[in-house]
Amino acid sequence: MRIRRHRSRAVLAVVAAAVLGAAGCDSGGGGAGAHTKSGTAAKAKPSPTPVWDSSPSSVAAVGDSITRGFDACSVLSDCPEVSWATGSSASVDSLAVRLLGKTGAATRSWNYAETGARMADLPAQIGQAVARKPQLVTVMVGANDACRASTSAMTSVADFRAGFETSLKSLRRALPKTQVYVASVPNLKRLWSQGRTNPMGKAVWKLGICPSMLADADALDSAATERRDTVLDRVEAYNKVLEQVCATDERCRFDGGAVYDYRFGTDQLSHWDWFHPSTDGQAQLAAIAYQRITAREPVT
């Protein structure tokens, strides 16, 4: 009986050691000594490649007169060389120059924006940009949708959304991996508050620049205030659309409202029309875009 007990204890000890050993192998700890069932060392999985590339090798710009540099160099004319997106001017240091260098920007950036363009014009511009197969497309549009003869003539929020969705889907079908940077629509009411301090600016506005916001610049009665607030509300609704639609595409970045929130002054406005960005204003837009595009994470 004594011999049998010793043997039983020995067998139990062996079994217990085996069980504990197996538990040790199966428990966590993926240390350097971890092995697979086949006995070979387990390999760490490679980190996934980030979806957003902060250094694209080509840029195409679409949008309206702001991206064309209208009234930044001379009266009533485009000045694409100072465009925040693709310009060559050293005083602006455009987004394309910052990303590609001066030589690269000259051959690998394209500007398809059009003065006077609205959201309805964006799909056609996207079609032109797609032909170049750019790695990044910049979008700045919406000011002209709010700047109409009257508030009732402004582009509806539904139509604005439909136009942007169509444009983004069209781009994505043609170029699945192209990135999109979307700038918010500027604060047009701030533009009124800054420009109205200049007699020349108010005189130019009377020629018909953005009547929905800028008509009767000195009027402060309830009707004028309500009109301006209606335009401001529409701009904010446009920006919400841009943010929401962009969020449905993993390769699209909205600026987080940076252009809308930027507290520009008269130095950032064209001294020909006190409405479009000056050369300095274009430089500020370029800086905002570059910061947002090269950030590790999107701004929310």
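Below: a short report on this structure.

Cut-offs used in this document
- Residues numbered from 1 in each chain as written.
- Predicted model: local features only at pLDDT ≥ 70, side-chain atom pairs only at ≥ 80, totals over all residues.
- Heavy atoms only, no water.
- Helix = DSSP H or I, 4+ residues; strand = E, 2+ residues; numbered from the N terminus.
- Buried < 20%, exposed > 50% of the residue type's maximum accessible area, 1.4 Å probe, protein only.
- Contact = heavy atoms within 4.5 Å.
- Salt bridge = Lys/Arg side-chain N within 4 Å of Asp/Glu carboxyl O.
- Phe/Tyr/Trp six-rings, centres within 6.5 Å; stacked < 30°, edge-to-face > 60°.
- Lys NZ or Arg CZ within 6 Å of the ring centre and 35° of its normal.
- Patch = residues over 30% accessible without salt bridge, like charges linked within 9 Å, V, L, I, M, F, W, Y side chains within 5 Å.
- Areas by Shrake-Rupley, 256 points an atom, 1.4 Å probe, with all protein chains shown as cover.
- Polar contact = N/O pair within 3.5 Å; in protein donor to acceptor, adjacent residues only side chain to side chain.

Thoughts on the environment of Leu 175
In this fold, Leu 175 is placed in the loop between helix H6 (157-174) and strand S4 (179-182). In this structure Leu 175 comes out as buried when scored by relative accessible area, which is 10%. Residues Leu 175 and Pro 134 lie 41 residues apart in sequence; the distance between their C-alpha atoms is 8.5 Å. If we ignore the near neighbours within four places in the chain, the residues touching Leu 175 are Val 130, Lys 133 and Pro 134.

Overview of the pattern of salt bridges
Opposite charge on two side chains permits them to pair, given that their charged atoms come into close proximity. Scanning the entire structure with this criterion turns up 7 salt bridges. Between Arg 196 and Asp 218 there is a salt bridge; the shortest N-O distance is 3.9 Å. In this pair, Arg 196 is assigned in the loop between helix H7 (188-195) and helix H8 (199-205) and Asp 218 in the loop between helix H9 (211-214) and helix H10 (222-247), connecting sequence segments 22 residues apart. On the accessibility criterion, Arg 196 (24% relative accessible area) is partly exposed. A salt bridge links Lys 240 to Glu 243, with the nearest nitrogen and oxygen atoms 3.6 Å apart. Within this pair, Lys 240 and its partner Glu 243 are both found in helix H10, separated by 3 residues, close to a single helical turn.

Considering the packing of aromatic side chains
In the structure shown here, the tally under the stated rule is 2 aromatic pairs. Note on Trp 84 and Tyr 181: the rings are 6.3 Å apart at their centroids and 65° apart in plane angle, and the pair reads as edge-to-face. Residue Trp 84 is located in the loop between helix H2 (65-68) and helix H3 (95-108), and its partner Tyr 181 is located in strand S4; the two are separated by 97 residues in the primary sequence. By the burial criterion, Trp 84 is buried, and Tyr 181 matches it. A centroid spacing of 4.1 Å and a plane angle of 15° characterise the contact between Phe 160 and Tyr 238, whose relative ring orientation is stacked. Here Phe 160 is found in helix H6, whereas its partner Tyr 238 is found in helix H10, with 78 residues between them in sequence. Since its relative accessible area comes to 0%, Tyr 238 is described here as buried. Lying over the aromatic face of Phe 264, Arg 190 brings its terminal NZ or CZ to 5.7 Å of the ring centre.

Here's the deal with a nonpolar patch on the surface
Where nonpolar side chains cluster on the molecular surface, the patch consists of Val 75, Leu 76 and Trp 272 and spans about 330 Å² of accessible area. Along the chain, Trp 272 turns up in the loop between helix H11 (258-261) and helix H12 (279-294).

Observations regarding the environment of Arg 251
Secondary-structure assignment places Arg 251 in the loop between H10 and strand S5 (252-254). Residues Arg 251 and Thr 178, 73 residues apart in the sequence, show an inter-C-alpha distance of 7.1 Å. Other than its neighbours up to four places away in sequence, Arg 251 contacts Val 51, Trp 52, Arg 172, Pro 176, Lys 177, Thr 178, Gln 179 and Val 180. Looking at Arg 251, its side chain comes within polar contact range of the main-chain oxygen of Val 51, at 3.1 Å.

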